Every structure is written in C-alpha cells, then in structure tokens.
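# Observations on chain architecture
Given next are the chains, with one letter for each unit.
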Amino acid sequence: MELLSGGEIVVRALKDAGVKYLWGYPGGAALHIYDALFQQSDVQHILVRHEQAATHAADGHARSTGEVGAVLVTSGPGATNAITGIATAYMDSIPMVVISGQVPREKIGDDAFQETDMVGISRPIVKHSFLVKDATEIAATIAKAFFIAGSGRPGPVVVDIPKDVTAPNHRVPYEYPEKIKIRSYQPTVKGHAGQIKRAIKTLLGAKRPVIYSGGGVVLGDASSQLIELARSLNAPVTNTLMGLGAYPGTDDQFIGMLGMHGTFEANTAMHHADVILAVGARFDDRVTNTTDKFCPSAKIIHIDIDPTSISKTIAADIPIVGPCDRVLQELIDQLGCSDDSQDESAITEWWTQINEWRDRHGIYTKPRHDASEGNIIKPQDVIRSLFNVTGGDAFVTSDVGQHQMFAAQYYLFNKPRRWINSGGLGTMGFGLPAAMGVQLANPGADVACVTGEGSIQMCIQELSTCTQYGLPVKIINLNNQALGMVRQWQDMQYSSRYSSSIYEDSLPDFVKLAESYGHVGIKVTHFDELEEKMAECFSLKDRVVFMDICVDRSEHVYPMHVAPNGSMRDMWLSKTERT
Amino acid sequence: MRRILSVLLENEPGSLSRVVGLFSQRGYNIDTLTVAPTEDQTLSRLTLTTHGNDRVIEQITKNLNKLIDVVKVVDLTEGPHIERELMLLKVKANDLQRAEIKRCVDIFRGQIVDVNAHAYTVQIVGNSDKLDAFIQAIGDADILELVRTGVSGLARGEKSLRL
Ligand SMILES: Cc1ncc(C[n+]2csc(CCOP(=O)(O)OP(=O)(O)O)c2C)c(N)n1
Ligand SMILES: [Mg+2]
C-alpha cells in the first residue's frame, strides 16, 4: 500500500470522493494540507477572499449540480468565518463537507493560538461532524463525511483535523474505502406500501387537490416524477421558494409560489383545498402563516425523506417517509392500476375557480412600468427583462430582500437547480459567492446574481476571486438605495420610521468599483434602456458585468401574508388593497 | 406526560453532547439523564426522562433517531417496564431521630450505608415516586445532602434493546 502523509491523504481522499473544486483559504493549521494541494493537480483549490464565500461557493456548486460541495479552512477565525455558510447549507439541506484545520492534538484545550472548538461551535448547524485523531483515520473519515453529507436528507458535515495529524514526516498507508457502512445511519430508501395505497385513494377522491412541492423535490431529483404525477392527476402545483423549478414555471398547471410572498391563487387554492399533497416540503412558517388557521378543510399527505419534518408544525393525515423520487414513482405506478377514479367534473370546477382567482389578482403579467410615472424602472420589470434576455434558462442566484422575492416571483424557472437562494437562513451575502460556485461547475452557462446594494456589499470582496479565476458571472443589482425589505416592514408596521435602513449617500459608485477589479460596470437609470443594456450585459460572455440598476425606491413586494394571526388566504395585494 | 427513553449510542467522543445539545436546541426538557458504556464497549446506553405531549415526544424520538451516532431509541413507557433510580442521602441523626430514621429506612427497604455520631447515609433504590415518597416520609429530619442517579430502566420480558 502507498505511504502518504496526513496532508497528502486529505487531498487524495478528496479526489477519491470525486472533488474537482475545493473552495478555501489557508492559515497555519491547514498549511500541511495546502502544501499537499500544491503538489498535485487533480483537486483545484480556489482561493476566495473570505471563508464565508468559500462555503457559499461550494454550496452553489452543490445546489446546481447535486454533487457534494467541498471547503477547506484553517482553525480559529477561518473556522468561525465559515459558520454562516455552514448554517446556510444546513437550513436548506445542502450537501457539503467542510474541512477545518485544528491546533495540534497536544494543544487542544489549552486556548492555543487560533484554537476554537469547531466541532462544538458547529454542532447545532451540521448534519454530523468529526474530529480526526490519527492520520490513519483521515481517509475513512472523509469518505464517511461525503457519504453522510450526500445521502438521506443532505446537509453539511465538518471534519476537523489537528495540524500534527497532517504532518509531512509521518507517513501511513493510504486506503480509500470502497464501500461505506455506518451501522447507526441507514436512510430510508422506499416509502411504506400501505401508506402509498391510502395516499392514492385520498388523491383520487379529492375534489380540490393541490400539490405543494418543496426543496426536497429539487434535492431528490424528483422533478420528472412530480410532473408526471401532476399531469395524471390534473392537479394544480405550487412550489415553495426552495422548490421553484421542480415544476415548470411556465406550465399551465403551475399556480406560482406559495407562502408569505406567494401568488394570490396559490395561497387561496391552498386555503380551500380538500387534499394537499406535500412533497419534499416542510410547512415552514414562511409558508403556513398562522398554523391554527392553516388550510382548515385539507387532508394532508406528506412525503419527506426526513421523518422529523413530518407532523412537526402541521399534522399529516398520511405521512410517507422516503425519497421523493421513489415515493412519487410508486404513486404514479399505483395510480395506473387503481380501481378508484377521479371526480372529473369536480376537478374541472376546481380549475374554473382557480383560473378565476388567477385573473383576479395574479402577479403582474404585463410590464409593471407605468409611463405616467416617467422613465422610472420597476424592479419586477428588471427580472422580466432578465428572463427574456436569458431565454428563461439562466442559473439565477440571489441574495436576500425584496430583490430575492421579485426574482422568485418573476423569473419563471422551468428546470430544477436553476434557482439558487438562501431560503431557510436568509443569508445576505450568499448571492455572489454562490454564483461563482455555479459558474465554475457549469462553465459557459449564463449565471446571474440578483442582488441588492445592501446584500452585495456583504461579500463584494469576491469580485476579486472572479477576476483571478475568470468567473464571468453577471451581477444584477436592484439598487433601491435602501435595505428595501426592512424598509417595507417599517412602512407597514412602524409608520415609515426608517430606523437604520438607509445609507445617507454613502453608497459606492458600483460601476467604478467593478472596473477597479477589472470588470465591466453598467449603470441603468431609465426604463427605456433596460432591455438593451440587459442584452449587452449577457453578450459579454467572458466578462464579469456589474449591472447597477436604479429601481423605484418605493416599491413593495406583494402579495404579502397578513401577519400575525392571518391564514393562508389573508394577503395584502398592494399598499392599499387586501383580501 | 412523563416518558422514559432508552437510547443506544455510539460510544464516540462528542456523541453525548449531540444528544444533550438536541434537547436545548429544540427546547425539549430533560428531567433525568444517565449514561454509561454497555457490555459492548463500542456502545453507550443512555436513559433519559422527559415530559411533553404525544407530539413533542414523537418529535424527540424522531430527532434522536436522526442523530448519526444514535443506533436505536425506544420509549420504555410505551410498554411494561422496570425502572429504578438510586438515591443516596445524608441526614442528621442525633439521639432521638436515629431510631425514627432507621424505621423509615426499613419501611422503604433502604440501607444505611454509612454511620457516624451525628449522621446516617442512606441508600434507597426504586422508582422515582418511591424516592420522592421517602423524602416526604422523613420530612422532619435534616437532609444534609442528597444525590440521585436519575432513572434507568429495561422493558419487561424478552424484549431487548440491542444491535
Ligand atoms: C446577514 C443578514 N443580515 C440581516 C438580514 C436582514 N435583512 C433581510 S432583507 C434585508 C435588506 C436587504 O437589502 P438589499 O440587499 O438592498 O435588498 P432589497 O430588500 O433592498 O432588495 C435585511 C437587512 C439578513 N437577511 N441577513
Ligand atoms: Mg436595497
């Protein structure tokens, strides 16, 4: 067997785990590993400008490909800087392995220089973690970490490795395990047959069914099964913020996103549904509004790989634990041979009702622009323009705020893994580094980062990483000169007292800033130049383009759930109108 | 309702902190907790008592199972089971009190495990209610210190929690 040092084993095990790109930042405790990286070319290391960005980039890689993202950071501040990105991945169940350097074994516990208890600090935000105690354990531990991160309900795994374990002078035999078996970890691979039978009966008996699908369908690559089942049931489909793209956004059966900023028709249909098929979704509080008032007449079928998601906030009538693709496929198969049949006239009537809701208060299907208000740009129109110019086929990452909701509402995603946003944690600063990860994993693809002037400044240093590695992402900055989502809440709940949501003329000139990194900056101030400049942006294939687009400062995101104490159907539809 | 959960856990560094962390992270209660390795040195067995409605208990069980280090979880209170807790207490025992305390210990089938001129150390074993009852019963005596192990238990019959 080959003898390798601990540092070399880390790198070789990463390669054997299938890692092509490793996002990271060096420092003392990780230097043996960095030296091993230098001496090979199988695993490419990408030097970010802040460890948070490394985790978001690996996350973007994972979301866009389904592969496990990989990160390497040093101990202490390197590790703590990675925490936000680990939490972001954890909340959205993103597969990721984070390797952190640690102080040498004999110094652990001494408050040594750059020591932090990484396993302890990350414990509530990881799927699992390991502290490696010996060079002989590295390969098996890394193999386990990748297996755990990518299987079942995915999630981030931390592998903390003390510096002396990676020392170059201590060589041990290298062996990467061919098969991984963990006796205490066996994710469910198949749904319960009896429950599936009950689900079929309930679905066929439904007069007002809704399919509510979430991020689990994207993560579980169950989109084609979802489409097939929805078609055969002729049921309306709504997606969560995390689930967008799993069902085609331009399809007639798609009734839009649901939840706090969901469409009128999706939220209203949910409220009136008699059967809800929830698949890979977790009844998040941003979806359900007040749980006591949630969908009063609905029987709930809930499919999820994670039993803890079932009956956590909303009790399920028919729980089915299993991977979304398998369970949906079993539903499709059994639907074909069931003796029951659907009440077709009831379904037709249901569609008549839904279409009426659609026509009444849909999101804007025509440009939001109103010539009588001058040449001002509405943020919704920027997203529509982005959709047009990219043929609806771009990877769109996003930050957090109003721009994120506009992107979710107006970019109609027709494929899964195209919409990449921090839904669970809501991490400002996610968009740009995530876009880098997507771009590197999908060379040649159009990658747009929809952001705001607030969020982009949380990881703007990564413009430099884009320069170094030639990552031609397109930044679509909806510049409303405010922490817009905060200001919207202040308008609605605090009588427009803008406590710390505006910057008082302190914003940088983003065009010059982009140029200083060697990128192209384009400023857009008038509606009539929007489409043309958007096209120019995407024609610059090999360049990073920073589109600084001045949008209407006063715009709010609607619909918006009435809270607290509202139900699914209680929404503000504009500043003055509510249901 | 009070529940007794038995958990088989990989005997790995950090695995106990994951279990305990889960309870604080999700706002669940731990009333008692005992843990020690089993006859198989790679496994620890942990017994914890908690309380909550059925929904909470179900979530606790599911979340415990979700921890990678947890091999198995059973709710002992779901079936017939034996539970025991051990209590040591040191009570002031001067002249007159000595006989009274001794009588009480006998009634509870306890033992006096250490004696000196002014104090008895008493050991009582039983379910938690019995231990509580003993504390009540010697109400007049001066308790100098008291320690309880927390509950441990097994299901009755042949049913057993193993790999
Ligand atoms: C790291 C972080 N800090 C604070 C928040 C709270 N927050 C949510 S949206 C928002 C405003 C975002 O402003 P901007 O990026 O300009 O987007 P806009 O809403 O204006 O489109 C803030 C501060 C957050 N989500 N993330
Ligand atoms: Mg803004």
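Before reading on, note that the structure itself is shown above.
Predicted model, so just to flag it, every value in this text is computed and none were measured.

### A short note on the interface of chain A and chain B
Each partner contributes residues to the interface: chain A has 23 residues there, and chain B has 21 residues. Of the roughly 1700 Å² buried between chain A and chain B on both sides combined, carbon and sulfur atoms contribute 45%. Among the residues of chain A in contact with chain B, Arg123(A), Arg183(A) and Ser184(A) are the three that bury the most area, contributing 38% of the side total. Between chain A and chain B we count two salt bridges in total. The residue Glu10(B) makes a salt bridge to Arg183(A) at a minimum N-O spacing of 2.6 Å. Across the contact surface, chain A and chain B share 12 residue pairs in polar contact (both at pLDDT 80 or more). Here the side of chain A that touches chain B is built from residues that sort into 10 nonpolar, six polar and seven charged.

### Some points on the coordination of the magnesium ion (ligand 2)
All names here are of chain A. Looking at the magnesium ion (ligand 2), one finds its protein donor set to be Glu453 (OE), Glu453 (OE), Asn480 (OD1) and Ala482 (O), positioned 2.1 to 2.7 Å from the metal centre. Because the angles between the six donor atoms bound to the magnesium ion (ligand 2) fall within 51 to 179 degrees, the donor set is best described as irregular. Expressed as a motif, the donor residue spacing for the magnesium ion (ligand 2) is E-x26-N-x1-A. Here Glu453, found in the loop between β17 (447-452) and α17 (463-469), pairs with Ala482, found in the loop between β18 (474-479) and α18 (484-493); they are 29 residues apart in sequence, far enough to count as distant. Looking at Glu453, the relative accessible area reads 1%, which means it is buried.

### Let's talk about the packing of helix α14 (residues 379-389) of chain A against helix α20 (residues 530-539) of chain A
In helix packing, the relevant descriptors are the interaxial angle and the interaxial distance, both defined with respect to the helix axes. Residues and elements named next belong to chain A. Viewed as axis vectors pointing N to C, α14 and α20 meet at an angle of 50 degrees, and their least axial separation amounts to 9 Å. Compared by their axis directions, α14 and α20 come out oblique. Note on packing geometry: the crossing formed by α14 with α20 is right-handed. Residues Asp381, Val382, Ser385, Leu386, Asn388 and Val389 of α14 form the contact with α20, whose participating residues are Leu530, Glu531, Met534, Ala535 and Phe538. Classifying every residue of the contact of α14 with α20 gives seven nonpolar, two polar and two charged.

### A few points about the sheet that holds strand β2 (residues 21-24) of chain A
Residue and element names in this part refer to chain A. The six strands lie next to each other as β3-β2-β4-β5-β7-β6, forming an open sheet whose pairing is parallel. Of all strands in the sheet, those bounded by a partner on one side alone are β3 (44-47) and β6 (128-131). Pairwise comparison of adjacent strand axes, ignoring direction, gives a mean angle of 20 degrees for this sheet. Relative to strand β5 (residues 96-102), strand β4 (residues 69-73) runs parallel, the two sharing five bridges. Opposite Gly69, over in β5, you have Met96 as the bridge partner.

What counts as what
Residues numbered from 1 in each chain as written. Chains lettered and ligands numbered in written order. Predicted model: local features only at pLDDT ≥ 70, side-chain atom pairs only at ≥ 80, totals over all residues. Heavy atoms only, no water. Contact = heavy atoms within 4.5 Å. Buried area = accessible area lost by both parts, 1.4 Å probe. Salt bridge = Lys/Arg side-chain N within 4 Å of Asp/Glu carboxyl O. Polar contact = N/O pair within 3.5 Å; in protein donor to acceptor, adjacent residues only side chain to side chain. Nonpolar A, V, L, I, M, F, W, Y, C, P; charged D, E, K, R; others polar. Donors = N, O, S within 2.8 Å, 3.2 Å for Na, K, Ca; no water. Tetrahedral: all angles 85-135°; square planar, octahedral: opposite > 155°, others 65-115°. Helix = DSSP H or I, 4+ residues; strand = E, 2+ residues; numbered from the N terminus. Buried < 20%, exposed > 50% of the residue type's maximum accessible area, 1.4 Å probe, protein only. Axes fitted to C-alpha atoms, helices over the stretch in contact; angles between N-to-C directions. Parallel < 35°, antiparallel > 145°, perpendicular 65-115°, else oblique. Left-handed = near helix turned anticlockwise from the far one by under 90°. Pairing = 2+ DSSP bridges.

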